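Letter by letter, the chains look like this.
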Amino acid sequence: MLKDHGRSKYGADLPLREKDREVFGRIRDYVQNSCQTVDVLNLAKSVATFGATSMDDLAISMGASDIVRGLVNIWTVAMLGVDSTDVSLVYFLHYCKAGGGFIQMRSDDVGGGQHLRFRGGSQALATGLLSCLKQNSVVLNAAVKRIEQHLDIGCIVTIGDGRQFRSQRVISTVPSTLLPQISFSPQLSVDKLWLISQSKMGSYAKVFLCYLEPWWRRRGLCGLSQSPNGTISLTRDVSSDKDGLYALACFVVGERARVWAQKSPDDRIAEVLTDVDRIYGSDIPRPVHTQEQIWNNEKFSEGAPCPVVPVSCLVSLSRDNWRAEGYIHFAGTETSTTWKGYMEGALVSGDRAAREVLETFAVDWTSARAKL
Ligand SMILES: Cc1cc2nc3c(=O)[nH]c(=O)nc-3n(C[C@H](O)[C@H](O)[C@H](O)COP(=O)(O)OP(=O)(O)OC[C@H]3O[C@@H](n4cnc5c(N)ncnc54)[C@H](O)[C@@H]3O)c2cc1C
């Protein structure tokens, strides 16, 4: 469903005027083909090729009308929480390449970014990993305040209540935008400090509307809608039929999310419901429960899903590439060149950082991993 334009078959062309459809298709193909040409390890080279063009500049230069620009904006806000005016073409291409290409990232098909969901929520991944570890090996609710490195004794990590932990190595998975909350001694490299100070988390919120039944399916709809204007950018069917849970997730993202989040909770929900009516019609059932999640209000997220790096920092990032600094190693989804910004990227980066550490102790990574 495309707001104000009507429905189209899932996966088919959007219900646009012929000219808009043609331009939209060309921009999509350009992004898909160009992202395959970039070398994920060489951002500097891509900056030389694509310059500082934003995604919106790209759309305009390819002849996009307002509606097509709005649709391109949906790509960037949905995937990064940042409007197309604020994300560079080069960063977006690298982001897409890491996820196997633009089309794959947006796809619901096998291997696509939207193919699978966790029954019961993605927390299941963290709790599942925790169950593989020795009891009491994870300290929860402990914000790290300081990390010191000493040549003779290794690292000392200090948490909020003053407790200290000593280790030979540290792996930090704290998103770069939150690293300023930790004091490092000695300081991190100039490249990392520059990156940390300039990267920006997207504005991201979801509102879940729970219903007694999936009414949209009765109307022949899959629950996916796109709105180039208004409060909501996207809706998706996030039901878990086995659990009798029928829900639409409404994505409030980008600049719209920042403005919307400042309103009162009642006004926020009212605005979302009005927008859903405008997309699907005012005769749809009322939700029996609503639940909102605003990632920018979370102290340990400050936005989602992954820090966006401006063009001015891409050469520094290319040079630094999240290399270890002394005894400190860096992981987390943004450090990954595979599915950056996704859970897969976080897992791959954890694997890579663990290997870096084990190699410094001359432990064979393959046999260590096989024991897990
Ligand atoms: C709304 C939304 C939708 C998403 N959709 C998808 C999706 O469909 N598919 C997908 O694969 N991914 C999705 N993601 C992205 C996915 O959640 C992230 O890629 C993944 O969580 C990144 O893992 P991470 O370990 O790198 O970072 P995080 O999950 O952010 O973990 C970082 C951890 O560091 C902790 N921390 C921060 N500061 C400190 C400190 N000072 N001391 C100690 N700990 C600290 C935080 O509490 C947090 O637990 C989505 C994210 C959001 C928010």
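Residues numbered from 1 in each chain as written. Predicted model: local features only at pLDDT ≥ 70, side-chain atom pairs only at ≥ 80, totals over all residues. Heavy atoms only, no water.

**A word on the nonpolar core**
Link 1 in the chain: Formed by 70 residues in total, the largest nonpolar core has its most connected members in Ile27, Val31, Met55, Trp75, Tyr91, Phe92 and Leu314.
Link 2 in the chain: Residue contributions to this core peak at 10 residues, all from helix H4 (residues 66-80).
Link 3 in the chain: In this structure Met55 touches Val31, Val72, Trp75, Thr76, Ser84, Val87, Ser88, Leu89 and Phe92, once residues within four positions along its chain are discounted.
Link 4 in the chain: In this structure, Leu248, Ala257, Ile279 and Ile284 belong to the second largest nonpolar core, which totals 23 residues. (Core = buried A, V, L, I, M, F, W, Y, C linked by side-chain atoms within 4.5 Å. Buried < 20%, exposed > 50% of the residue type's maximum accessible area, 1.4 Å probe, protein only. Helix = DSSP H or I, 4+ residues; strand = E, 2+ residues; numbered from the N terminus. Contact = heavy atoms within 4.5 Å.)

**Some words on the sheet that holds strand E1 (residues 144-150)**
Link 1 in the chain: Judged by pairing direction, the sheet is mixed, and its four strands sit side by side in the order E3-E2-E1-E5 without closing on themselves. A single partner strand is all that each edge strand has here, and the edge strands are strand E3 (164-167) and strand E5 (183-185). Here the average twist between neighbouring strands, direction ignored, is 15 degrees.
Link 2 in the chain: As paired strands, strand E2 (residues 154-159) and E3 are joined by four bridges and run antiparallel to one another. Bridge pairing in E3 links Val157 to Phe165. (Pairing = 2+ DSSP bridges. Axes fitted to C-alpha atoms, helices over the stretch in contact; angles between N-to-C directions.)

**Structural notes on the pattern of salt bridges**
Link 1 in the chain: Scanning the model with the defined rule gives 26 salt bridges in all.
Link 2 in the chain: Taking the shortest distance from any N to any O, the salt bridge between Asp161 and Arg163 comes out at 2.9 Å.
Link 3 in the chain: As a salt-bridge pair, Lys192 and Glu325 come within 2.8 Å of each other at their nearest N and O atoms. With Lys192 in helix H8 (residues 190-198) and Glu325 in the loop between helix H12 (311-320) and strand E11 (328-330), this residue pair connects regions lying 133 residues apart in the sequence.
Link 4 in the chain: Connected through shared salt-bridge partners, Lys192, Asp320, Arg323 and Glu325 make up one network. (Salt bridge = Lys/Arg side-chain N within 4 Å of Asp/Glu carboxyl O.)

**Some details on the environment of Val309**
Link 1 in the chain: Tracing the backbone shows Val309 in the loop between strand E10 (289-294) and H12.
Link 2 in the chain: By relative accessible area, Val309 is classed as buried at 7%.
Link 3 in the chain: Expressed as a C-alpha distance, the spacing of Val309 and Val288, which sit 21 residues apart in the sequence, is 40 Å.
Link 4 in the chain: Contacts of Val309, omitting those with residues within four sequence positions, involve Tyr91, Leu195, Ser199, Leu314 and Leu317.

**Examining the side chain of Thr231**
Link 1 in the chain: By the element assignment, Thr231 lies in the loop between strand E7 (225-226) and strand E8 (234-237).
Link 2 in the chain: Judged by its relative accessible area of 10%, Thr231 is buried.
Link 3 in the chain: Side chain to side chain, Thr231 and Glu271 meet in a polar contact 2.9 Å long.
Link 4 in the chain: Setting aside residues no more than four positions away along its own chain, Thr231 makes contact with Phe251, Val252, Arg256, Trp260, Glu271, Val272 and Asp275. (Polar contact = N/O pair within 3.5 Å; in protein donor to acceptor, adjacent residues only side chain to side chain.)

**Considerations on the site of the ligand**
Link 1 in the chain: Lining the immediate environment of the ligand, one finds 20 residues, of which Val144, Ala304, Thr333, Gly341 and Met343 sit closest.
Link 2 in the chain: At 2.7 Å, a backbone N or O of Thr333 approaches an oxygen atom of the ligand.
Link 3 in the chain: Gly341 places a main-chain nitrogen or oxygen 3.0 Å from an oxygen atom of the ligand.
Link 4 in the chain: About the coverage of the ligand: the protein hides 68% of its 990 Å² of free accessible area.
Link 5 in the chain: Split by domain, the residues of the shell around the ligand number at least three in each of domain 2 (123-200 + 305-370) and domain 3 (204-297). (Near = heavy atom within 4 Å. Areas by Shrake-Rupley, 256 points an atom, 1.4 Å probe, with all protein chains shown as cover. Domains from an automatic or database assignment.)

**Concerning the packing of aromatic side chains**
Link 1 in the chain: The final tally for this structure, using the stated rule, is 12 aromatic pairs.
Link 2 in the chain: Between the aromatic rings of Phe24 and Trp75, the centroid separation amounts to 5.6 Å while the plane-to-plane angle is 45 degrees, which identifies the pairing as tilted. Of this pair, Phe24 sits in helix H1 (residues 18-37) while Trp75 is found in helix H4, placing the two residues 51 residues apart along the sequence.
Link 3 in the chain: According to the relative accessible area criterion, Trp75 is buried, its value standing at 3%.
Link 4 in the chain: On the basis of an interplanar angle of 85 degrees and a centroid distance of 5.3 Å, the ring pair of Trp215 and Tyr280 is categorised as edge-to-face. Here Tyr280 lies in helix H11 (residues 265-280) and Trp215 lies in helix H9 (residues 215-218), a separation of 65 residues in the sequence. Like Tyr280, Trp215 is buried.
Link 5 in the chain: An aromatic cluster of three or more residues is present, and its members are Phe24, Trp75, Phe92 and Phe102.
Link 6 in the chain: Over the ring of Trp260 we find Arg268, and its NZ or CZ is 5.6 Å from the ring centre. (Phe/Tyr/Trp six-rings, centres within 6.5 Å; stacked < 30°, edge-to-face > 60°. Lys NZ or Arg CZ within 6 Å of the ring centre and 35° of its normal.)

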